[in-house]
Amino acid sequence: MTRDWQVQTTYALLLAALLTASAALVRQLDRVRGDEPLQEVLYIPSPAVVRRMSLGYSGLLADIYWTRVVQYFGTKHRANAKQYLILEPLLEMTTALDPKLLPAYEFGSVFLAQKPPEGAGNPWAGARLVEKGIQENPQSWRLYYDLGYIYWLELKDPARAADAFDRGSKVPGAHPWMRVMAAALAAHAGETETAIYMWTNILNSTEDPELRANGMNRLRCLRVDSEVKLLQERVDEFTRQNGRLPGGWEELISSGWLRRAPVDPKGNAYQLVGGRVQVARPELFPFITRGLPPGREAGDMPGEKGFKVMQTQ
Amino acid sequence: MIGRLAAIAYNTFREAVRDRVLYNLILFALLIVGASVLFGQISLEINRIVLINLGLTAISLFGVVIAIFIGIGLVSKEIEKRTLYTVLAARPVRRWEFITGKFLGLVMTLTVNALLMSVGFFAAVMYVSHRLGRGDLQLVTAIYFILLQFVLITALALLFSTFSTPVFSSIFAFAIFAVGTFAEDLRGFSSMATGVTRWMMTGAAYLVPNFAALNVISQVAHDMVVEPKLILLNTAYVLVYTAAVLTAAVWIFERRNLK
């Protein structure tokens, strides 16, 4: 072993030891300082100022802001956050820097519109963002689809949703089922079935794992809605014919009303409480509108309340 | 050894003073006096906050700029002027002593500069608040953190100076300072990645200097208390990280052929 080799090894080891120690100290510093202020800070709140400061490199800056949106949303979503304080301004900034950045409208509107913890629970902000996107990119039929989705599923406004799908269906190259959706919604026909159709279309048209997982979740909830509706019809019919409530699923099975005890898509048995069909664990189905226990209404979540307050203002 | 280190450090300090580095104090004084008078007239209730933000930011930025512009020339200038070989060959000075001495000399310059600015800064704070209280001790903490910032950036500028030209060294130093101020965001981003990318990003995020934790200016402007644990950890971090950077600088410098 030469002396030079010994010296080089000593330097390398010393450097490695010092850098390891500094990384350990940074971890301690992060613990003392916490990371919440970092997540909720919008360094420059004005899109116009940021645009000017970008010195013409606004495209790259928009990409950076969009990355920040994704990281911000992902971090909050993972933590089951109920509030997404800077999501809307971050998206405003991104789309002001690059008005042609379609993913920012498409995904950003979904992030904004869905109920917490799936999103920020602010469907009006989502709709505004997509309208802005349509203004900047009128040739993109997918934006009309996103707008229709928000009006239909989040704002429960089939008339506006139908209008959005109809406008989108007239864009050259629009998917044929845009017209189908517009017609179905305009006629107010089969709400659950239409929603199932819509989410199946989404599942078939995206490779994005998050969106697919969300779509599966939505479809599960819609299946629950559909099953609860059918089961309730059977229970009501049994009650009408026998003049009393059924004692339980066994009685309905033995008398031929059902073939077996019904279970929800997560494998838990549906409950029959005082002639009312309920899911056993409603927290597993955040979007269901039927089968909820008494006192727990559909959409009774902080985001929805906030949305109602916002509507009255 | 101590005598040699002190001699190199003192010479570096003297050279910086001779280069009229301390002239920035005049600009600082004008800025502070102007701000205290102007904001007192045109703003409502925030003149003290503006003064603290402006004063501490100026102390920090002036120091960082000086640290980088002098730090990048500490070694390369000596090589260019061919004085380095004379120092190392004709006198009993080791290379690591030369690097450490230069580093200490520049830190001394920056400390004196910052202390003089701090005197002016506290005078302005007293003018605006009409008195200095116990709460103003937080301002001392902020200035201490700024000094720690100078220690880090000086070491980094010196490191770049050992292997690169002054122009590139200054670009590297400013870039790493900018990246270091977003170090916490970097660690946040890396935690979102997966697999090998996550490991690589985390490694990079911990490798860059953590300037973010050294900036408590906004905090003290709003009279918020800086935790003693933060002071302790920041001090330990800067000492260890600076030791790492200087080790790398000495290592590179030892391998350079200066003839």
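Residues numbered from 1 in each chain as written. Chains lettered and ligands numbered in written order. Predicted model: local features only at pLDDT ≥ 70, side-chain atom pairs only at ≥ 80, totals over all residues.

**Q** I'd like a rundown of the overall build of chain A, residues and numbers included.
**A** Within chain A one finds 14 helices and two strands. Expressed as a percentage of the 313 residues in chain A, the buried residues total 31%. (Helix = DSSP H or I, 4+ residues; strand = E, 2+ residues; numbered from the N terminus. Buried ≥ 20, exposed ≤ 12 C-beta atoms within 10 Å, placed from the backbone.)

**Q** Any details on the overall build of chain B? Residues and values, ideally.
**A** The number of helices and strands found in chain B is 12 helices and zero strands. Its helices and strands taken in sequence order, chain B reads α-α-α-α-α-α-α-α-α-α-α-α from the N to the C terminus. Relative to its full complement of 259 residues, chain B shows a buried share of 39%. Considering only contacts within chain B whose residues lie at least 6 apart along the sequence, 83% involve residues at least 24 apart. (Contact = placed C-beta atoms within 7 Å.)

**Q** So what about the interface of chain B and chain A? Which residues, and what values?
**A** The extent of an interface is frequently quoted as the accessible surface area lost upon association of the parts. Counting residues at the interface gives 24 residues for chain B, matched by 20 residues for chain A. Listing elements by their share of the side of chain B that touches chain A, those giving two or more residues are α9 (183–192), α10 (195–207) and α12 (228–255) of chain B. The biggest single contributor to the side of chain B that touches chain A is α12 of chain B, with 13 residues. Looking at the side of chain B that touches chain A residue by residue, the class counts come to 15 nonpolar, four polar and five charged. (Nonpolar A, V, L, I, M, F, W, Y, C, P; charged D, E, K, R; others polar.)

**Q** Describe unusual backbone geometry, and please don't skip the residues or the numbers.
**A** Residues and elements named next belong to chain A. The phi dihedral of N80 falls on the positive side, at around 55 degrees, and the residue is not glycine. As for its position among the elements, N80 is in the loop between α4 (58–78) and α5 (87–97). One non-glycine residue, K156, lies in the positive phi region at around 50 degrees. You can see K156 is positioned in the loop between α8 (141–154) and α9 (158–169). Accessibility expressed as a C-beta count within 10 Å gives 13 for K156, which makes it partly exposed.

**Q** Could you give me a rundown of the nonpolar core, with the residues and numbers involved?
**A** In summary, soluble globular proteins display a tendency toward joint burial of nonpolar side chains. With 80 residues, the main nonpolar core has A67, I153 and L156 of chain B as its most contacted residues. No other element matches the 16 residues that helix α7 (residues 137–163) of chain B contributes to this core. Leaving out residues up to four positions away in the same chain, A67 of chain B has contacts with L106, L110, F150, I153, T154 and A157 of chain B. Core analysis: the next-biggest nonpolar cluster, separate from the first, contains 43 residues, L91, W141, Y144 and Y149 of chain A among them. (Core = buried A, V, L, I, M, F, W, Y, C linked by C-beta atoms within 7 Å.)

**Q** Kindly report on the packing of helix α6 (residues 102–113) of chain A against α8 of chain A, identifying the contributing residues and their values.
**A** Residues and elements named next belong to chain A. Where α6 contacts α8, the axes come no closer than 10 Å and their chain directions differ by 10 degrees. One way to sum up the angle between α6 and α8 is to call them roughly parallel. Residue-level contacts link Y105, E106, S109 and A113 of α6 to R142, L143, D146, I150 and E154 of α8. Counted by class, the contact of α6 with α8 contains four nonpolar, one polar and four charged residues. (Axes fitted to C-alpha atoms, helices over the stretch in contact; angles between N-to-C directions. Parallel < 35°, antiparallel > 145°, perpendicular 65-115°, else oblique.)

These values are about where atoms sit, not about what they do.
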